[in-house]
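The lines below spell out each chain.
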Amino acid sequence: MSKFQYELGAAIRTTLEDTLRNAQKEDDYGAVSITVNSESLIDQLNRQLASMDGTLPQVQKKKGTVSTYVLKASSYEKLKNHFNLEVEGAAENG
(Lines give C-alpha, C1' and ligand atoms only; values in the text may rest on other atoms or scores of the structure.)
Protein backbone atom coordinates (compact mmCIF):
# COMPACT_ATOMS: atom_id res chain seq x y z
CA MET A 1 0.00 0.00 0.00
CA SER A 2 2.72 2.50 0.90
CA LYS A 3 4.55 1.83 -2.40
CA PHE A 4 1.37 2.73 -4.28
CA GLN A 5 0.96 5.93 -2.23
CA TYR A 6 4.59 6.88 -2.91
CA GLU A 7 4.23 6.28 -6.66
CA LEU A 8 0.98 8.21 -6.78
CA GLY A 9 2.52 11.09 -4.84
CA ALA A 10 5.47 11.19 -7.25
CA ALA A 11 3.13 11.21 -10.25
CA ILE A 12 1.07 14.05 -8.77
CA ARG A 13 4.22 16.04 -8.03
CA THR A 14 5.45 15.57 -11.61
CA THR A 15 2.08 16.70 -12.97
CA LEU A 16 2.10 19.80 -10.76
CA GLU A 17 5.66 20.63 -11.84
CA ASP A 18 4.74 20.25 -15.52
CA THR A 19 1.68 22.44 -15.00
CA LEU A 20 3.79 25.21 -13.46
CA ARG A 21 6.42 24.92 -16.20
CA ASN A 22 3.70 25.49 -18.82
CA ALA A 23 2.32 28.62 -17.18
CA GLN A 24 1.64 31.53 -19.53
CA LYS A 25 2.11 35.21 -18.75
CA GLU A 26 -1.21 36.72 -17.72
CA ASP A 27 -0.34 40.36 -17.00
CA ASP A 28 2.53 42.79 -16.46
CA TYR A 29 2.44 42.21 -12.68
CA GLY A 30 3.80 38.66 -12.86
CA ALA A 31 0.53 36.74 -12.74
CA VAL A 32 0.39 33.60 -14.85
CA SER A 33 -2.36 31.39 -16.19
CA ILE A 34 -2.48 27.61 -16.36
CA THR A 35 -4.94 25.36 -18.14
CA VAL A 36 -5.87 22.32 -16.10
CA ASN A 37 -8.69 19.85 -16.70
CA SER A 38 -8.62 18.59 -13.11
CA GLU A 39 -9.90 20.58 -10.16
CA SER A 40 -8.07 18.09 -7.94
CA LEU A 41 -4.74 19.48 -9.18
CA ILE A 42 -5.87 23.03 -8.43
CA ASP A 43 -6.95 21.89 -4.97
CA GLN A 44 -3.50 20.35 -4.48
CA LEU A 45 -1.77 23.58 -5.53
CA ASN A 46 -3.94 25.55 -3.10
CA ARG A 47 -3.23 23.07 -0.28
CA GLN A 48 0.47 23.43 -0.96
CA LEU A 49 0.22 27.22 -0.87
CA ALA A 50 -1.71 27.09 2.41
CA SER A 51 0.86 24.81 3.99
CA MET A 52 3.71 27.16 3.01
CA ASP A 53 2.10 30.52 3.79
CA GLY A 54 -1.58 30.96 4.54
CA THR A 55 -1.47 34.60 3.42
CA LEU A 56 -0.68 33.76 -0.22
CA PRO A 57 -3.42 34.29 -2.81
CA GLN A 58 -5.06 31.05 -3.91
CA VAL A 59 -5.17 29.74 -7.46
CA GLN A 60 -8.44 31.02 -8.94
CA LYS A 61 -10.46 30.19 -12.00
CA LYS A 62 -10.11 32.76 -14.76
CA LYS A 63 -13.42 34.48 -15.28
CA GLY A 64 -15.28 33.31 -18.37
CA THR A 65 -13.21 30.14 -18.87
CA VAL A 66 -13.86 26.47 -18.28
CA SER A 67 -10.44 25.22 -17.21
CA THR A 68 -8.01 28.14 -17.07
CA TYR A 69 -6.75 29.33 -13.70
CA VAL A 70 -4.70 32.34 -12.59
CA LEU A 71 -1.85 32.41 -10.09
CA LYS A 72 -0.73 35.74 -8.68
CA ALA A 73 3.01 36.39 -8.90
CA SER A 74 3.66 35.75 -5.19
CA SER A 75 1.97 32.36 -5.28
CA TYR A 76 3.64 31.37 -8.54
CA GLU A 77 7.09 32.27 -7.20
CA LYS A 78 6.52 30.38 -3.96
CA LEU A 79 5.38 27.27 -5.83
CA LYS A 80 8.33 27.46 -8.24
CA ASN A 81 10.68 27.63 -5.26
CA HIS A 82 8.93 24.78 -3.48
CA PHE A 83 9.21 22.50 -6.50
CA ASN A 84 12.77 23.69 -7.25
CA LEU A 85 11.75 24.83 -10.72
CA GLU A 86 13.94 27.09 -12.77
CA VAL A 87 11.48 28.39 -15.31
CA GLU A 88 12.95 31.84 -15.71
CA GLY A 89 11.14 33.51 -18.54
CA ALA A 90 8.73 30.58 -18.96
CA ALA A 91 5.80 32.84 -18.17
CA GLU A 92 6.92 35.22 -20.92
CA ASN A 93 5.19 33.06 -23.53
CA GLY A 94 1.93 34.99 -23.44
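Let me begin by describing the structure that accompanies this report. What you see is a predicted model, and the numbers here were worked out from it, not measured in a lab.

Moving on: the pairing of strand E2 (residues 32–35). One ladder, built from two bridges, connects strand E1 (residues 24–25) with E2; its direction is antiparallel. Its bridge partner lying in E2, Gln24 is registered against Ser33. The antiparallel hairpin formed by E1 and E2 contains six residues in its connecting segment, where Gly30 sits at a positive phi of about 95°. Two elements, E2 and strand E4 (residues 68–71), share four bridges in a ladder whose sense is antiparallel. By the bridge assignment for E4, Ser33 is matched with Val70.

The two faces of E4 match: Thr68 and Val70 on one face and Tyr69 and Leu71 on the other face are all buried. The hairpin formed by strand E3 (residues 60–61) and E4 contains six residues between the paired strands, and Gly64 there has a positive phi angle of roughly 85°.

Looking now at the nonpolar core. Burial of nonpolar side chains together is a common tendency in soluble globular proteins. Ranked by size, the top nonpolar core spans 19 residues in total, and within it Ile34 and Leu71 carry the most contacts. Those elements that place two or more of their residues in this core are helix H1 (2–21), E2, helix H2 (39–52), E4 and helix H3 (73–82). Apart from the residues lying within four places of it in its own chain, the contact partners of Ile34 are Thr19, Ala23, Ile42, Leu45, Ser67, Thr68, Tyr69 and Leu71.

Turning next to unusual backbone geometry. Phi at Asn84 is positive, roughly 55°, even though this residue is not glycine. Here Asn84 falls in the exposed class, since its relative accessible area comes to 64%.

Now for the sheet that holds E2. Read across the sheet, four strands follow the order E1-E2-E4-E3 without closing on themselves; strand pairing throughout is antiparallel. Looking along the sheet, the strands with just one partner apiece sit at the ends: E1 and E3.

Okay, the pattern of salt bridges next. Counted according to the given criterion, the structure contains five salt bridges. Residue Asp28 is joined to Lys25 by a salt bridge in which the shortest nitrogen-to-oxygen separation is 3.5 Å. On the accessibility criterion, Lys25 (35% relative accessible area) is partly exposed. Residue Glu77 is joined to Lys80 by a salt bridge in which the shortest nitrogen-to-oxygen separation is 3.2 Å. One end of the pair is Glu77 and the other is Lys80, both in helix H3 and three residues apart, which spans about a single turn.

Conventions used here
- Residues numbered from 1 in each chain as written.
- Predicted model: local features only at pLDDT ≥ 70, side-chain atom pairs only at ≥ 80, totals over all residues.
- Heavy atoms only, no water.
- Pairing = 2+ DSSP bridges.
- Helix = DSSP H or I, 4+ residues; strand = E, 2+ residues; numbered from the N terminus.
- Buried < 20%, exposed > 50% of the residue type's maximum accessible area, 1.4 Å probe, protein only.
- Core = buried A, V, L, I, M, F, W, Y, C linked by side-chain atoms within 4.5 Å.
- Contact = heavy atoms within 4.5 Å.
- Salt bridge = Lys/Arg side-chain N within 4 Å of Asp/Glu carboxyl O.

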